[in-house]
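Results of the structural survey
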Amino acid sequence: MFGRFLKPRWQHANPDIRLKAIEQLHHSDDAALLNQLARGDASALVRAAATGKLTDFAALDEVHQRDEAPSVREAASLRIMSLLAGTTDGAPNSDTRLRLIRLTDNQNVLTHVATHSPDMHSRMAAIERLSDEGVLYQLALDAPTEALRVACVQNIASLSLLKRLGKEGRDKRVTRLARDQARALQQQQQQSERETAKVYHLADRLEQHARRRVDALYGPQLEQLEQQWQQLTPKASTDLASRVQQALHQCRNQLTELQEQTRQQALVETANAEREAAAHSLFQLLSQATPETWDHHLGEMRSALSTQHRRWESADEHAQAFDEDRMAFNDLVRAFEQLLTLAANINAADSQEALTELAARWPKEYQPPSALLTLRAHEEAVVEPIEPGRTRPAQPHRGLLVALKRELRLGNLRHANRLWHKAQAIIEAHNDSALDAELNKLVPRRAELQDWHRFAAEPKKVALCERMEALDGTTMDAPELATAIQALHDEWRSLMSSDQDEDQSLWARFKEASDKAYQPCRAHFAELDTIKASNLQKRMALCQQLDDFITVQNWENADWHGVWQIRQQAPKDWKALHPIRFTDARDVQKRFSALLAQLDERLNGYIEKAENERKQLLDQARALMELDDTQQATREAQAIQKRWRQSAWLPPVQHRALQKPFRKTMDALFDARNRDMAAHRKRQEQAGQTLATHISALEDCLAQPFTDDSAGNLSRASATVDEHLGGELPQPLVRKAQQLKRRASERLQQLSRWQQWQQMRNAVAGLPETAGNEESDDALTLAVAFEALAGVPSPELERQRRLQWQLEQLPGAMKRQQFDAREEMQRLLAEHALPVSTAIKARLHNAIAVLEPGSA
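Residues numbered from 1 in each chain as written. Predicted model: local features only at pLDDT ≥ 70, side-chain atom pairs only at ≥ 80, totals over all residues. Heavy atoms only, no water.

The helix and strand inventory of the protein chain stands at 36 helices and 0 strands. Expressed as a percentage of the 856 residues in the protein chain, the buried residues total 38%. For the protein chain, long-range pairs separated by at least 24 residues make up 67% of all intrachain contacts whose partners lie at least 6 apart in sequence. Summed over its atoms, the accessible surface of the protein chain is roughly 50,000 Å², and 50% of this surface lies on carbon and sulfur atoms. (Helix = DSSP H or I, 4+ residues; strand = E, 2+ residues; numbered from the N terminus. Buried < 20%, exposed > 50% of the residue type's maximum accessible area, 1.4 Å probe, protein only. Contact = heavy atoms within 4.5 Å. Areas by Shrake-Rupley, 256 points an atom, 1.4 Å probe, with all protein chains shown as cover.)

What follows is the structure, given as C-alpha cells:
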C-alpha cells in the first residue's frame, strides 16, 4: 500500500517535481529514460526539459517532427544546434559533427554552428553549406578568424553584398577577394547579358525571317539561323524558345510551300513538255506519212494516235493545259482520225466515182494514198491537152509509170511496191501489154532495191523481234514498258516494205511477242482506269463537302480563319486526287471552280472590311505623330495597339502589308517619347546638380559663426535654394533642401536677439576696470547674477552670495509673466556704473557666451 510513495520522482504526478527530477538525470547514463520522457510525458515543459538533455539525433529529429507543442520542437531544434556546434555536454566528437554538418541543409542549424561553435573546422564546414547570403555577409564582417571570413566571401554570389564587403571588410584580403569576386561576377553578368541580347537578336532575326518573302536564299539562311539557334538554345528562356519554335515552324511551312510550288512548277513544265511532244509526234507522223503508210499501216497509225493521246491526257492530269491548247490538240486528234478514216475509205473504194469523191476531201498538204496518186495521174493523162503537131500517147497509165519510175529512182521501195502492185492489177484486169512491157523494163531496178532492202532490213527486223521477246517478263513498270513497246513498233514501221509476203513471217513473230509483252500493261491501265474513276468520285465528294459547308455556314458570324484555311487546303486536296480522266472530270471541275469562286467572294468581302478597320487604326496612329505631347500620344498609341490586337483576323499577306507600317509608326511614337523622357531626365539631372551646389553653399553658411555678415550670406543662400526648388527634382534632395531652409529660417529669426546679445557683450567689454584686485560687493553681486541668469556655476566662495541674490529676485520674478535672461542682464548692466576687475569681466563674458542666439 505504500508503493505509490516509493515511485521515482520523474514519475511524480506533479510536473514541477518531474521537472526537478530531470535536472538530476545524466544525458548518457539516463539516455533511455530521457528519451521516454521527451516522447511521452504529458507536460510540455517536462518534454522540453528532457529533450534539452538528449544526445540521440534520431530521437531529437523525431521530437522535432512530431511533437505538437512549439516549445518542445524549439527545444529539440536548439539541442540539435548546440550538439552540432559542440557547445554542450554530450556533443559528438569532431569527426561526427563534421559528417553531420555536411549532411544537413537546415539553414538555422548551419547559421548557429557557424556563429557559435568553438571548433573552427565545424564553423568552416557550416559556412561551406550555408546558402543564406545575408548570414554569410555578416559572418564575413564578424567571424573571429580571417580564414572564416574569406570562406564566407567565397560563398557569396550577390553582387551588391560583394561590393559592400569590398568597402566594409575588416582586412585587406577579404576586401580584395570581395572586389575580385564582384568584378568577376559583374563580368559574368555582362557576358550573360551579351549572350541574352544575342539570343533575343537571333530570335528577332528568326521572326523577321518568318515574315519575309520566300526566295532562293530563304532555305540556306534558315539553315544558318537554325545552326546558330542550336548553339544558343540552352541560354534561352522558355517563352523565348516558344517564340523561336513558332517562328521556325512558320519558316519551315513557308519553305515547304516553296518546295511544293517548285515541285508543282516542275510538274507543270514536264506536263507541258509531254503535251508538246505528243502534239509534235502527231504532226511528225502526219508530215512524214507516205502513200505506203496510208495503204498498209493504218493500224500502226491508229495505235500511235492512241499512244500520243494517252500521253497528252496523262500529262494533263498532272497539270491541266490551257483551254486553247486543249482545243488545238483535240482538233489535231480529230484531223488525224478523219485522215485515218478517209485513207481507210480510199483503200476500200471499189469504183472510180468513189475515189474521185474521196480525193476531193483529201488535204493537199499531206501525201495521199497510192490509189489517189494513180487517180491523179490518170486524170492528168486524160485531161492533158494535145498540142499541135502531137498525138495522144498510146499508154493510158503513163502517170502510174512516171510515179513508179520516180520512186524506184529515189530508192523508195515501199511506195514503189504499192505502185507496182497497182500496175499488175491493171495489167491483169485490162490485159495491158504496153504497161506490162514497161514493168518488165523496171524489174531489174526493183529486184536490186529488194535485195538491198532485204540485206539491210531483215537483220534489223530479227533484232527487233528479239528485243520485243526480251520485254516479256521484264521488271519495268507498266508505263515504261508501254513506251518501250511503242518505240519498237515505230522502229518496225520504219523498216517495213509494202511487200506483205516478205514481211509477214517476221511480222507475225514480232506481233506475237508484242502482244505477250503488253499483257502487264493491260492490267496496269485497267487498274489506272479504276484509280481514275475512284479519284473522280472523291473529287465529286470534295465538291459536295464544299457545297454543304457554304450552304450551312453562318456568314454573319463565321470563323474566317478557318474559312481561309479551307480555301487554301481545298485546291491542294483537289490536285492530290490524280490521275483522273479529263473528259470525265470536266463537269466536276467546273463545279469545283464555281464553289471556290463563291468562297473567294465571301472571303474578299470580309477581308476588305477587316482591312478598312485596320487602315482606320493605322491612320489614327499616324495622326498621333502630329501631337506635341508625346506622353499623351503614347497613351493613345497603347490604346490603339490594344484595339489592333483585338481587330478582326486577316490572312498573312494582307496582315503583313498593314502590320509593317503600323509597327513602324508605333516605333516612331515610342522613340519620340523616349527622346523626350531622356531630355527630361537630363534637365532633371542638371537641375538636381545645380540645387545640390546651392544646398552645399547653404550648409557652409549654416556652419559659419553667427554674425551680421554670415546672416546676410545665409539669407541669400536660403533664397537661392528656394528659387531652384521648382520642377521635378529627386525627393531626397528636396527634403534636404527644405530641412536646411527651416534651419536657416529659424536662425535668421534670432538675428535681432543676437544683435541685442552683441550689444550686451560690447557693453560688458566697455565696463571700466579697477586698478587693483579688490572687488566691490556690487561687482561680485553683478557677476553671480549673470552666472545665475545664464545657468553656469559660480565659484565656491560665491555660492552664498548667488543664493541670496536669487532669493531677493524671487518675489519680482513671480510677479512677471514672462522672464528673459538677456533683458535682465541688460537692466543690471544699465544700473551698474562702477568699475570691475578683469576677473569679474571674464566671468561676465563667460555667462553671456552661453546665451548667444543661434549658437545651436
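Inspection of helix H3 (residues 44-51) places Val46, Arg47, Ala48, Ala50 and Thr51 among the buried residues, and these make up the whole buried set. Between the side-chain oxygen of the N-cap and the backbone nitrogen of leucine 45 there are 3.3 Å, and the N-cap of H3 in question is serine 43. (Polar contact = N/O pair within 3.5 Å; in protein donor to acceptor, adjacent residues only side chain to side chain.)

Opposite charge on two side chains makes pairing possible when the charged atoms of those side chains draw close. By the definition in use, this model includes 14 salt bridges. Notably, a salt bridge pairs arginine 311 with glutamate 274, separated by 3.0 Å at the nearest N-O pair. Of this pair, arginine 311 sits in helix H16 (residues 298-318) while glutamate 274 sits in helix H14 (residues 238-288), and the two are 37 residues apart along the sequence. Overall, the relative accessible area of 28% leaves arginine 311 in the partly exposed class. For arginine 799, the salt bridge is made with glutamate 796, and the minimal N-O distance between the two is 3.0 Å. The exposure class assigned to glutamate 796 is exposed, which follows from its relative accessible area of 55%. Through salt bridges with shared partners, a single ionic network connects Asp529, Arg581 and Asp584. (Salt bridge = Lys/Arg side-chain N within 4 Å of Asp/Glu carboxyl O.)

Below, the discussion takes up the packing of helix H27 (residues 582-623) against helix H28 (residues 630-646). Relative orientation of the contacting elements H27 and H28 amounts to 170°, with a least axis distance of 10 Å. Taken together, the axis directions place H27 and H28 in an arrangement best described as roughly antiparallel. The two elements H27 and H28 cross, and the hand of that crossing is left-handed. Here H27 contributes Arg614, Leu617, Leu618, Gln620 and Ala621 to the contact with H28, which in turn contributes Ile640, Arg643 and Trp644. (Axes fitted to C-alpha atoms, helices over the stretch in contact; angles between N-to-C directions. Parallel < 35°, antiparallel > 145°, perpendicular 65-115°, else oblique. Left-handed = near helix turned anticlockwise from the far one by under 90°.)

Quick look at the nonpolar core now. One finds Ile127, Val153 and Leu165 to be the most contacted residues of the largest nonpolar core, which totals 55 residues. Counting residues per element, this core draws most heavily on helix H5 (residues 70-85), at 8 residues. Beyond its immediate sequence surroundings of up to four residues, valine 153 is in contact with Ala140, Leu162, Leu165, Val174, Leu177, Ala178 and Gln181. Within the second largest apolar cluster, 37 residues are counted, among which are Val588, Phe592, Phe662 and Met666. (Core = buried A, V, L, I, M, F, W, Y, C linked by side-chain atoms within 4.5 Å.)

Close contact between H14 and H16 brings their axes to 8 Å; oriented N to C, the two are set at 165°. Our classification of the angle between H14 and H16 gives roughly antiparallel. The two elements H14 and H16 cross, and the hand of that crossing is left-handed. Together, Ala271, Glu274, Arg275, Ala277, Ala278, Ser281, Leu282 and Leu285 of H14 and Met301, Ala304, Leu305, Gln308, Arg311, Trp312, Ala315 and Asp316 of H16 make up the contact between the two elements. Its residues assigned to classes, the contact of H14 with H16 shows 10 nonpolar, 2 polar and 4 charged. (Nonpolar A, V, L, I, M, F, W, Y, C, P; charged D, E, K, R; others polar.)

This model, assessed by the stated rule, comprises 7 aromatic pairs. Seen from their ring centres, tryptophan 560 and tyrosine 606 are 4.6 Å apart, and the 10° between their planes marks the pair as stacked. Of this pair, tryptophan 560 sits in helix H26 (residues 560-576) while tyrosine 606 is found in helix H27, placing the two residues 46 residues apart along the sequence. On the basis of relative accessibility, which here comes to 12%, the residue tryptophan 560 falls in the buried class. It is arginine 275 that lies over the ring of tryptophan 312; its NZ or CZ is 5.8 Å from the centre. Between arginine 614 and the ring centre of tryptophan 644, over which it is positioned, the NZ or CZ distance is 5.0 Å. (Phe/Tyr/Trp six-rings, centres within 6.5 Å; stacked < 30°, edge-to-face > 60°. Lys NZ or Arg CZ within 6 Å of the ring centre and 35° of its normal.)

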